[in-house]
Amino acid sequence: MAGFEAGFLPGRWPIDAYGNGGFRFADMSHRGSILVLPSGIRAWDVADPRAVDRNALRPVQAEAETIDLLLVGTGAEIAALPFDLRAWLKGFGVGLDVMQTGAAARTYNILVAENRKVAAALVAVA
């Protein structure tokens, strides 16, 4: 299995754990936020939910044909995202649901197990 050293792990993987500033998945750990897409898991350079914008979500746009729903985990607390970001995602057919990171990771795992077209943008929790 390929490692996560390059900041990308191909394939669909459940999130095994979160906290301590990072995530565990595929028998690996990563410190920092992650973007979980149908193509794989990638390191995501977002440490604060206020930084979730169009630029941060360009990889979601690139894979929009394979995503019906984007779950955004905003850390330990739920943070509102701008309405125009929701409209931008909807413009290419992706729904948006915002919640705490832990809830987003658990919801992602359930939907992936059901073979749903889901992605997750998860801000790391300390």
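Here the structure is shown first, and the text comes after it.
Residues numbered from 1 in each chain as written. Predicted model: local features only at pLDDT ≥ 70, side-chain atom pairs only at ≥ 80, totals over all residues. Heavy atoms only, no water.

Caption draft 1: The arrangement of the packing of aromatic side chains in detail. Enumeration over the complete set of coordinates arrives at one aromatic pair. With a centroid separation of 4.9 Å and 90° between ring planes, the pair formed by tryptophan 88 and phenylalanine 92 is classed as edge-to-face. When its relative accessible area of 23% is taken as the criterion, phenylalanine 92 is described as partly exposed. (Phe/Tyr/Trp six-rings, centres within 6.5 Å; stacked < 30°, edge-to-face > 60°. Buried < 20%, exposed > 50% of the residue type's maximum accessible area, 1.4 Å probe, protein only.)

Caption draft 2: Representation of the pattern of salt bridges. If you walk through the whole model with that rule in mind, you get three salt bridges. In this structure, the salt-bridge partner of glutamate 114 is arginine 116, at a minimum N-O distance of 3.5 Å. (Salt bridge = Lys/Arg side-chain N within 4 Å of Asp/Glu carboxyl O.)

Caption draft 3: Quick look at the environment of threonine 107. Tracing the chain through its elements places threonine 107 in helix α3 (residues 101–113). On the accessibility criterion, threonine 107 (27% relative accessible area) is partly exposed. Distance in space between the C-alpha atoms of threonine 107 and aspartate 16 is 12 Å, their sequence separation being 91 residues. Contacts of threonine 107, omitting those with residues within four sequence positions, involve Leu71 and Met99. (Helix = DSSP H or I, 4+ residues; strand = E, 2+ residues; numbered from the N terminus. Contact = heavy atoms within 4.5 Å.)

Caption draft 4: A look at the nonpolar core. Grouped together as the largest cluster of nonpolar side chains are 22 residues, with contacts concentrated most on Trp44, Leu57, Val60, Leu70 and Leu89. For this core, the elements supplying multiple residues, two or more each, are β5 (33–37), β7 (69–73), α2 (83–91), β8 (95–99) and β9 (118–122). For this core, the leading source of residues is α2, giving three residues. Valine 60 has contacts with Leu35, Leu37, Ile67, Leu70, Leu89, Phe92 and Val94, leaving out every residue within four places of it along the chain. In terms of nonpolar packing, the next biggest core, distinct from the first, is built from 20 residues, Phe4, Phe25, Ala104 and Ala105 among them. (Core = buried A, V, L, I, M, F, W, Y, C linked by side-chain atoms within 4.5 Å.)

Caption draft 5: Quick look at unusual backbone geometry. The phi torsion at asparagine 20 lies on the positive side, around 50°, for a residue other than glycine. Position of asparagine 20 relative to the elements: it lies in the loop between β2 (17–19) and β3 (22–25). Owing to a relative accessible area of 66%, asparagine 20 belongs among the exposed residues under this scheme. Positive phi, normally seen in glycine, also occurs at alanine 26, with a value near 50°.

Caption draft 6: Main features of the sheet that holds β7. Pairing is mixed in the open sheet, where six strands are placed in the order β1-β6-β5-β9-β7-β8. Either end of the sheet is taken by a strand with one partner, and the two such strands are β1 (8–10) and β8. In this sheet, neighbouring strand axes are inclined to one another by 15° on average, regardless of whether the strands run parallel or antiparallel. Here five bridges tie β7 to β9, and the two strands are oriented parallel to one another. Bridge pairing links glycine 73 to leucine 122 in β9. (Pairing = 2+ DSSP bridges. Axes fitted to C-alpha atoms, helices over the stretch in contact; angles between N-to-C directions.)

Geometric descriptors of this kind do not, in isolation, establish any biological role.
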